[in-house]
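Observations on chain architecture
The residues making up each chain are set out below.
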Amino acid sequence: MGEGSILRETTRIDLLVDVLNRSSEPITLRRLTIQSVTGGAWRFDSSSRALHEVIPPGQLLTIGMGVDAVSDEFGSDPSSRVSVRGTAVFESDLGPFRRVFIEPIGLGQGGGTTPR
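Quick summary incoming for the structure in this document. (Residues numbered from 1 in each chain as written. Predicted model: local features only at pLDDT ≥ 70, side-chain atom pairs only at ≥ 80, totals over all residues. Heavy atoms only, no water.)

1. Quick look at the overall build of the protein chain
Of regular secondary structure, the protein chain possesses 0 helices and 8 strands. Moving toward the C terminus, one meets the helices and strands of the protein chain in the order β-β-β-β-β-β-β-β. When the 116 residues of the protein chain are sorted by exposure, 34% land in the buried category. Taking the intrachain contacts of the protein chain between residues at least 6 apart in sequence as the baseline, contacts between residues at least 24 apart amount to 68%. (Helix = DSSP H or I, 4+ residues; strand = E, 2+ residues; numbered from the N terminus. Buried < 20%, exposed > 50% of the residue type's maximum accessible area, 1.4 Å probe, protein only. Contact = heavy atoms within 4.5 Å.)

2. So, the pattern of salt bridges
Using the criterion set out here, one finds 2 salt bridges in the structure. The partner of R12 in a salt bridge is D68, with the nearest N and O atoms 3.3 Å apart. Taken together, the residues R12 in strand β1 (residues 10-20) and D68 in strand β5 (residues 60-71) connect sequence positions 56 residues apart. The partly exposed category is assigned to D68, whose relative accessible area is 45%. R30 is paired through a salt bridge with E91; the nearest N and O atoms lie 3.5 Å apart. Highlighted residues: R30 in strand β2 (residues 27-36) and E91 in strand β6 (residues 81-92), separated in sequence by 61 residues. (Salt bridge = Lys/Arg side-chain N within 4 Å of Asp/Glu carboxyl O.)

3. Re the environment of V54
Mapped onto the elements, V54 comes out in strand β4 (residues 47-55). Note: C-alpha distance between V54 and N21 (33 residues apart in sequence) is 9.8 Å. Among all residues touching V54, those that are not within four sequence positions of it are P26, I27 and T28.

4. A look at the packing of aromatic side chains
Here the structure, examined in full by the defined rule, presents 1 aromatic pair. Taking 5.0 Å as the distance between ring centres and 15 degrees as the angle between the ring planes, the aromatic pair formed by F90 and F97 counts as stacked. The exposure class of F97 is partly exposed, given its relative accessible area of 26%. (Phe/Tyr/Trp six-rings, centres within 6.5 Å; stacked < 30°, edge-to-face > 60°.)

5. A closer look at the side chain of S47
Within the fold, S47 resides in strand β4. Apart from the residues lying within four places of it in its own chain, the contact partners of S47 are L32, T33, I34, M65, G66 and V67.

6. Regarding the nonpolar core
Side chains that are nonpolar tend, in soluble globular proteins, to be buried together. Ranked by internal contacts, the top residues of the largest apolar core, which has 23 residues, are L29, L32, I34 and F44. Looking at this core, the elements with two or more residues in it are β1, β2, β4, β5, β6 and β7 (95-106). When residues in this core are grouped by element, the largest group, 5 residues, is from β5. Residues contacting I34, with those up to four places away along its chain left out, are L15, F44, D45, S46, S47, M65, V67, V84, R85 and G86. (Core = buried A, V, L, I, M, F, W, Y, C linked by side-chain atoms within 4.5 Å.)

This is how it looks when you write it as C-alpha cells:
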C-alpha cells in the first residue's frame, strides 16, 4: 500500500428510527431520509425510503433502514458513535409537513433515533 493510502472498512448497519405522533390527529409518514453527519468514525451516504405508514395519535412507530457504513480510518470501532441527520415527511388533515432531526447513535447498538 502506497504512502498516504487509507484502508477503509465497510459494514452493513441497520438503523431503527422511532417516530412518535404527539398530535391528537392521525398522521401519515410518507418518506424518511437519513445520512451521516461529518465528524464521526463512520459515514454513509443519504438513504431514502418511500412509506405510507399511518400513525395514530399518541402512538410510536419504529422504522428500520439498512445502510452501508464506511470507516473514515482503518480499524474504526464498530460500536463508535456517529451523528445522523434525518428528514421525515408527513401528511395530515392540515397538509404536509416535515421534521428534521440530528441524533448521535451508537452503530454497534442498533441505533435508535426519534424525530418528533
